[in-house]
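So the chains spell out like this:
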Amino acid sequence: MGALELAALLMTLAAVFGLLNHHVLKFPSTIGLLVISLTASLLVIGLDSVLPGPDVTGAIRAAVSEIDFYQTVMEGMLGFLLFAGALHVNLNDLHGQRWPIALMATIGVTLSTVIIGLGFWWLTGVPLLVALVFGALISPTDPVAVLGILKTVSVPKSLETKIAGESLFNDGVGVVVFLVMVALAFPKAGAPPMDAMAVVELLLVEAVGGAVLGLATGWIAFRMIRLVDEYNLEVIITLALAMGAYALAGALHVSGPIAVVVAGLLIGNHGVRLGMSARSAEHVRTFWHLIDEILNAALFLLIGVEVFALTFGAREALIALVTIPLVLVARAAAVGLPIGLLRWAQPFTPGGAPVLIWGGLRGGISVALVLSLPDGPDKPLLLAATYAVVIFSIVVQGLTVRRVIQRFIGPCARRP
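Residues numbered from 1 in each chain as written. Predicted model: local features only at pLDDT ≥ 70, side-chain atom pairs only at ≥ 80, totals over all residues. Heavy atoms only, no water.

Participant: How do you make sense of the overall build of the chain when you look at a structure like this?
Facilitator: A tally of helices and strands in the chain yields 17 helices and zero strands. In terms of C-alpha radius of gyration, the chain reaches 21 Å, essentially the compact-globule figure of 22 Å for 416 residues. With the C-alpha coordinates aligned to their principal axes, the bounding extent of the chain is approximately 65 × 50 × 50 Å. A total of 416 residues make up the chain; the buried ones form 51% of that total. Once local pairs closer than 6 in sequence are excluded, the contacts in the chain between residues at least 24 apart make up 81%. Element-wise, carbon and sulfur atoms account for 71% of the exposed surface of the chain, whose accessible area totals about 18600 Å². Measuring between centres, the 22 positive side-chain charges of the chain sit 14 Å from its 24 negative side-chain charges. (Helix = DSSP H or I, 4+ residues; strand = E, 2+ residues; numbered from the N terminus. Rg over C-alpha atoms; globule rule 2.2 N^0.38 Å. Buried < 20%, exposed > 50% of the residue type's maximum accessible area, 1.4 Å probe, protein only. Contact = heavy atoms within 4.5 Å. Areas by Shrake-Rupley, 256 points an atom, 1.4 Å probe, with all protein chains shown as cover. Lys, Arg positive; Asp, Glu negative; His and termini not counted. Charge placed at Lys NZ, Arg CZ, Asp CG, Glu CD.)

Participant: Looking at this structure, I do not really get the side chain of threonine 161. What am I missing?
Facilitator: With respect to the helices and strands, threonine 161 occurs in helix 9 (residues 157-185). Filtering out sequence-adjacent residues up to four positions away, threonine 161 remains in contact with Asp93, Leu94, Gln97, Ile101 and Glu166.

Participant: Explain the side chain of threonine 238 to me, please; I cannot follow it from the model alone.
Facilitator: In this fold, threonine 238 is placed in helix 11 (residues 231-252). Looking at threonine 238, the relative accessible area reads 1%, which means it is buried. At a separation of 2.7 Å, a polar atom in the side chain of threonine 238 contacts the main-chain carbonyl oxygen of valine 235. Among residues more than four places away in sequence, those in contact with threonine 238 are Phe83, Ile225, Ile267, Met276, Val284 and Trp288. (Polar contact = N/O pair within 3.5 Å; in protein donor to acceptor, adjacent residues only side chain to side chain.)

Participant: Whenever I open this one, the pattern of salt bridges confuses me. Can you help?
Facilitator: Opposite charge on two side chains makes pairing possible when the charged atoms of those side chains draw close. In the structure shown here, the tally under the stated rule is two salt bridges. Here glutamate 166 ties to arginine 331 by a salt bridge, and the two come within 2.7 Å at their closest N and O atoms. With glutamate 166 in helix 9 and arginine 331 in helix 14 (residues 314-341), this residue pair connects regions lying 165 residues apart in the sequence. Considered together, glutamate 166 and arginine 331 belong to a single accessibility category, that of buried residues. (Salt bridge = Lys/Arg side-chain N within 4 Å of Asp/Glu carboxyl O.)

Participant: Sorry, what's going on with the environment of phenylalanine 287 here?
Facilitator: Within the secondary structure layout, phenylalanine 287 lies in helix 13 (residues 278-305). Accessibility expressed as a relative area gives 24% for phenylalanine 287, which makes it partly exposed. Taking the C-alpha atoms as reference points, phenylalanine 287 and glycine 410, separated by 123 residues in sequence, lie 34 Å from one another. In this view, phenylalanine 287 contacts Val235 and Leu239; residues no more than four positions away in its chain are not counted.

Participant: For this particular structure, what's the right way to read helix 12 (residues 256-275)?
Facilitator: Since the α-helix advances by 3.6 residues per turn, residues separated by three or four positions end up pointing in the same direction. With 20 residues, helix 12 ought to run about 28 Å at 1.5 Å a step, yet its terminal C-alpha atoms sit only 25 Å apart, falling short of that. Remark: the principal bend of helix 12, roughly 30°, maps to isoleucine 267. Extensive coverage of helix 12 is indicated by the burial of 17 of its 20 residues. Between the side-chain oxygen of the N-cap and the backbone nitrogen of isoleucine 258 there are 3.3 Å, and the N-cap of helix 12 in question is serine 255. (Expected span 1.5 Å × (residues − 1). Bend = angle between axes of the 7 residues up to and from the residue.)

Participant: Just to check I follow, could you spell out the packing of aromatic side chains for this structure?
Facilitator: Note on aromatic pairs: each is described by the distance of the centres and the angle between the planes. Under the counting rule described, the total for this entry stands at five aromatic pairs. Each ring, one from phenylalanine 83 and one from tryptophan 288, has its centre 4.8 Å from the other, and the planes form 50°; the classification is tilted. Placement of phenylalanine 83 in helix 4 (residues 69-87) and of tryptophan 288 in helix 13 is noted, with a sequence separation of 205 residues between them. One aromatic cluster in this structure is built from Phe80, Phe83, Phe287 and Trp288. (Phe/Tyr/Trp six-rings, centres within 6.5 Å; stacked < 30°, edge-to-face > 60°.)

Structure representation (structure tokens):
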């Protein structure tokens with residue numbers, strides 16, 4: 001199936017499933033698309049196993065296996081989605097919550113990686129480095145899933161900023177940690193072994209290099225925007241920025257996610273305030289809102305059909321289920337430690353910790369990262385565990401986060 005045919009199929013399914021969700025399930029749109037897509041996939045698998053006739057499941061599995069999920073998400077969708085998310089984050093609010101966001105996106109991700117890695121190693125007996133790879137890919141919260149939930153509920157502004165800021169930045173940090181762990185667990189033939197200095201250098205180059213690139217490209221785009229007052233051209237400039245910064249980051253071997261987040265924050269704040277008219281700013285925000293909605297729909301549909309890529313037995317299913325509470329425990333530690341460290345320096349939103357823990361959703365990025373791993377005896381187990389955590393977090397946590405907010409913070413209104 002070619003790219004055009006795949007895009008046409010995804011958009012058609014998104015329209016049909018979205019209409020069904022709107023009239024029947026009435027879930028938040030992304031969750032509804034995932035639930036319907038997953039349910040339809042499981043029904044096909046179930047019916048195909050009991051009814052005689054052609055091997056429909058095998059044919060669909062072959063078609064799904066042709067989709068490079070990693071390339072589609074990490075090199076196709078992610079840059080646009082992160083830029084769209086960062087574009088709507090207020091930089092002043094982010095600065096006010098910089099310390100909890102920074103600690104959760106760095107120390108929190110690292111601590112979660114270690115806890116999940118050690119727990120998964122103890123549960124499964126896979127090599128420790130492979131278990132830490134799993135910890136790295138499942139620890140960062142997915143900004144796509146998290147920001148999608150924030151669109152449906154109202155929470156205190158400071159807590160909303162923490163949730164959005166953490167999800168945007170810990171994604172970039174988590175991908176960098178994942179790359180380090182993959183290099184340690186699956187060294188390339190002929191490559192020198194990585195020592196502590198090499199690990200630190202890779203972390204600094206990826207993270208700091210990505211931030212510098214985002215600032216540089218964002219500043220150039222900002223200067224271009226100030227030269228015109230034509231919203232069509234300004235939309236094109238922002239589109240070129242998101243695509244160019246992410247592509248250039250890949251060529252320079254720095255963090256693309258961090259680069260587009262920084263660039264999006266710059267344009268969404270200084271660019272809108274100092275470089276655009278009100279009319280241009282409205283068109284730019286509307287354009288990126290539509291990009292966000294369209295790619296979200298396609299991504300959550302893809303997550304639902306990726307069930308066809310799973311092949312596991314009873315042991316893998318049991319371990320996958322046990323991994324869910326392990327990830328929640330690690331998430332609690334990743335949130336609790338930064339809150340404890342900042343307790344005396346900065347007040348924290350009362351009841352905010354449970355919301356941060358339960359609202360730490362995983363999504364397509366984790367699935368893409370696990371699918372990018374080299375084939376081996378442990379990969380089916382890692383894929384099954386990742387998929388179980390992602391489905392649980394999006395469906396169960398995503399549908400109940402409103403109740404958690406009401407329980408620990410107070411009544412929350414659905415956003416229009």
